[in-house]
Amino acid sequence: MNQYPKVSVVIPVFNDFIRLDKCLSSLADQTYKGEVEIIVADNNSTQSPQAVSKKYPFAKFITVEKPGSYSARNAALSFCSGNVIAFTDSDCIPDANWIKAGVECLHYENADLVGGNVDVFIEGDNAAPSWAEAFELLLAFPQKENAALNRSVTANLFITAEARVKTGFFDEDTYSGADYDFSKRATSLGFKLVFGEDAIVKHPARPSLKLLRKKARRVVGGFYALRNANEAMSKQFSFLTLVKDAVPPFQAITTVAKTRKAKGVSFINGVKAILVAWHNKLYRLIIKLGFLLGFLSQTDR
């Protein structure tokens, strides 16, 4: 791969054009010297993308009717001509050096995939984080740990075009979890995934427990849909994992103890984050049992 390979940026969007505006604005100011193309895959939004598409003529907008962000990403891939594919989301704000850092990480680490850093921030003028925001600030998007497990979220993922072609596409039959499945399939083929600490995107914290529960339903639903194709997803519904879901979040306690001061989060908000983590575990357990007993089906997007 040459020093400045062409990069294709893929962004799915569904009725989130205010945040997409900020995302595209940051992409317009990238320091990367190579060629960049941006494909925005509108997942059949009920809102019009026209104002944003006119403001950023350098971005190619396509419409994808099949529901789900993975359907949108797959459709966008057919328009990508870059040697590197970079995935992010409409609610993310890439750092000015995001593309540069991601490409350099691929090159210097001799890697095929980079799971980039996701820095959570609080939207608005809230002086103090809510319970949900405290959790997100300290425990959401553990990309360094994800990379160690050969997986990454698509909020911040780089992959060479060669690795993408050989890995295939995202599973479209789920609204969550297909990013983990995709990156695990890539590494199972021998492709190398590393953590890109300097390839940073900012992501807004979910402000309420209601939104955290909605995410939990979507994530567990994704695991359930992929359980027959992915061993890691299947283990989420094993008896041992269900038992672990019922006990206190010891890993979260350790993480908060290690990172709270460095992130400027108070002791009280650290405690809130741990309690929300326990709430999330118990809620996921209830959702898992609902799927196993046939009371629930995957409906959240």
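Residues numbered from 1 in each chain as written. Predicted model: local features only at pLDDT ≥ 70, side-chain atom pairs only at ≥ 80, totals over all residues. Heavy atoms only, no water.

1. Points about the packing of helix α5 (residues 131-139) against helix α13 (residues 267-292)
Counted only if it meets this: Interaxial angle, 0 to 180 degrees, is taken between N-to-C directions of lines fitted to C-alpha atoms, where a helix line uses only the stretch in contact. Under the scheme used here, helices are H or I runs from DSSP no shorter than 4 residues and strands are E runs no shorter than 2 residues, and both carry numbers assigned from the N terminus. Oblique is the label for any angle not under 35 degrees, not over 145, and not in the 65 to 115 range, which are roughly parallel, roughly antiparallel and roughly perpendicular in turn. Contacts are residue-level and defined by heavy atoms, with any inter-residue pair within 4.5 Å sufficient. As a working rule, the residues Ala, Val, Leu, Ile, Met, Phe, Trp, Tyr, Cys and Pro are called nonpolar, Asp, Glu, Lys and Arg charged, and the rest polar, with Gly in that last group.
Close contact between α5 and α13 brings their axes to 8 Å; oriented N to C, the two are set at 90°. Here α5 is positioned roughly perpendicular relative to α13, judged by the angle of their axes. Residues Trp131, Ala134, Phe135, Leu138 and Leu139 of α5 lie in contact with α13, whose contacting residues are Asn269, Gly270, Lys272, Ala273, Leu275, Val276, Ala277 and Asn280. A breakdown of the residues in the contact of α5 with α13 according to their chemical character gives 9 nonpolar, 3 polar and 1 charged.

2. Here's the deal with the pattern of salt bridges
Oppositely charged side chains are able to pair whenever their charged atoms sit close together. As a reminder, the rule being used: A pairing counts as a salt bridge when a side-chain nitrogen of Lys or Arg comes within 4 Å of a carboxyl oxygen of Asp or Glu. Exposure is judged per residue with a 1.4 Å probe applied to protein chains only, and the accessible area is read against the type maximum: over 50% gives exposed, under 20% gives buried, and values in between give partly exposed.
In the structure shown here, the tally under the stated rule is 13 salt bridges. When the shortest N-O distance is used, the salt bridge between Arg19 and Glu123 registers 2.6 Å. Here Arg19, found in helix α1 (residues 17-27), pairs with Glu123, found in the loop between β6 (113-121) and α5; they are 104 residues apart in sequence, far enough to count as distant. Judged by its relative accessible area of 27%, Arg19 is partly exposed. A single network of salt bridges, built from pairs that share partners, joins Lys6, Glu35 and Glu37.

3. Some points on the sheet that holds strand β4 (residues 84-88)
Cut-off, in case you're wondering: Being paired, for any two strands, means DSSP has found at least two bridges between them.
Pairing within the open sheet is mixed, and its 8 strands lie in the order β3-β2-β1-β4-β7-β6-β8-β5. The open sheet has two edge strands, β3 (59-63) and β5 (93-94), and neither has a second partner. Both β4 and strand β7 (residues 156-160) contribute to a ladder of 5 bridges, which runs antiparallel. Across the sheet, Ile85 pairs through a bridge with Ile159, a residue of β7. Across the sheet, helix α3 (residues 69-77) is in contact with β1 (7-13), β2 (36-42), β3 and β4; its angle to β1 comes to roughly 150°. Contacting β1, β2, β4, β5, β6, β7 and β8 (193-204), helix α4 (residues 98-108) runs over the sheet at an angle of about 165° to β8.

4. Re helix α9 (residues 209-226)
Our working definition: Expected span of a helix: the number of residues minus one, times 1.5 Å.
The terminal C-alpha atoms of α9, which comprises 18 residues, lie 26 Å apart, in line with the 26 Å expected from a rise of 1.5 Å per residue. When we look at burial in α9, the residues that qualify are Leu212, Ala216, Arg218, Val219, Val220, Gly221, Gly222, Phe223, Tyr224 and Leu226. Here the buried face of α9 lies against α5, α8 (178-188), α10 (231-235) and α13.

5. Observations regarding unusual backbone geometry
Even without being a glycine, Asn110 presents a positive backbone phi close to 50°. In this structure, Asn110 sits in the loop between α4 and β6. For Phe141, which is not glycine, the phi dihedral falls at a positive 55°. The topology assignment puts Phe141 in the loop between α5 and α6 (143-148).

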